[in-house]
Amino acid sequence: CQDKQKVKDLLQSLQIPVPAGLVASDPGQTAGWTRFPAIVKAAHEHSSLGLTPEAVVSTPAELAARVEWVITQFRQPALVEEFIDGREFHVALVGNTRITMLPPVEMDFSAFKDYRDRLCTYDAKFTPESEHFNKIGTILPAPLSTAERDQMETLCKAAYRGVGCRDYARIDIRMRDGIFYVLDVNANADLCAESSVACAAEEAGWSYGQMGNRLVRLAARRHAFLSSAA
């Protein structure tokens, strides 16, 4: 999952919807891009590193400039994607042979009128004094119809299995015009007590300790010595 384009290619091969995109190691490679607004990310980073409202671009000139910034700042290619301006969900899954989807968490961007602000930036995760940290809310469980939830579960489980996740993961998706798009597969997502994974587990009726115990037991089954005890 460190290589975002490889994950996208794999998901596409499984007919899982992902945003249209390309990888650019030079700003000139974006010359034919026409899908705006677009978002520009570092191709091999996680935790929203480098994601700010300026990462969302609306013109070819803005796109080329942001690609150049990413290449210079992170010394790696830039991933350009169509920006899906829709509802965003963080979906935690637990298990191996049998996979359980925990209650989906919806990110609430209603405080922001500019679409460039409607994303989980680096500041939203790590800068308590920032506007994004304080104004992005969460809705748990996310309000979904039965059909939407079933569609989400099928999609997320397919992505989980397809990428080869083990024990647990968090799938980040957005919905636009009734279609769910996978944005990212987090095979080692944050497990702190305030994380969306822990909050979803609590909503499902698991204490923080029970969640940790389940994950340790799942992993222990692969250990030659511990498997019999797990």
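The rules behind the values
In this numbering scheme, every chain counts its residues from 1 along its sequence in written order. Since the coordinates come from a predicted model, pLDDT governs what is reported: local features require at least 70, and pairs of side-chain atoms require 80 or more to be given and counted, while whole-chain, interface and lining totals use all residues. Side-chain descriptors were evaluated using all non-hydrogen atoms of the structure, hydrogens and water having been removed beforehand. Secondary structure elements are defined from DSSP: runs of H or I of at least 4 residues count as helices, runs of E of at least 2 residues count as strands, and each element is numbered from the N terminus. Our radius of gyration looks at C-alpha atoms and nothing else; its globule reference is 2.2 Å times the residue count to the power 0.38. Buried means the residue's accessible area, taken with a 1.4 Å probe over protein chains only, is under 20% of the maximum for its type, while exposed means over 50%, and partly exposed covers the values in between. We call two residues contacting when some pair of their heavy atoms lies within 4.5 Å. Accessible surface is estimated by sampling points in the Shrake-Rupley manner with a 1.4 Å probe; for residues, cover comes only from the protein chains shown. The positive count covers Lys and Arg only, the negative count covers Asp and Glu only, and His and the chain ends enter neither. For this purpose, a charge sits on NZ of Lys, CZ of Arg, CG of Asp or CD of Glu. For a helix, the expected span equals 1.5 Å multiplied by the residue count minus one. One bridge is not enough; two strands pair if DSSP finds at least two bridges between them.

1. A few points about the overall build of the protein
Argument step 1. Secondary structure summary: the protein contains seven helices and 10 strands in total.
Argument step 2. Computed over the C-alpha atoms, the radius of gyration of the protein is 18 Å, within 12% of the 17 Å expected from 2.2 N^0.38 for a compact globule of 230 residues.
Argument step 3. Here the protein, with 230 residues, has 44% of them falling under the buried criterion.
Argument step 4. Restricting to contacts in the protein with at least 6 residues of sequence separation, those with at least 24 account for 66%.
Argument step 5. Accessible surface computed for the protein: about 11,600 Å², of which carbon and sulfur atoms make up 51%.
Argument step 6. When the 25 positive and 29 negative side-chain charges of the protein are each reduced to one mean point, those points stand 7 Å apart.

2. Side note on helix α7 (residues 208-220)
Argument step 1. Here α7 contains 13 residues, and its C-alpha end-to-end distance of 18 Å stays within 8% of the 18 Å for a straight helix at 1.5 Å per residue.
Argument step 2. What α7 keeps buried is the set M211, L215, L218 and A220.
Argument step 3. Considering only its buried residues, α7 is in contact with β5 (87-95), β9 (168-176) and α6 (196-203).

3. Here we look at the pairing of strand β4 (residues 78-82)
Argument step 1. Most of β4 sits out of view: five of its five residues are buried.
Argument step 2. Note: strand β1 (residues 21-24) against β4, four bridges, orientation antiparallel. By the bridge assignment for β4, V23 is matched with L79.
Argument step 3. Inspection of the sheet shows strand β2 (residues 38-42) paired to β4 by five bridges, in the antiparallel sense. Counterpart to I39 in the pairing with β4 is E81.

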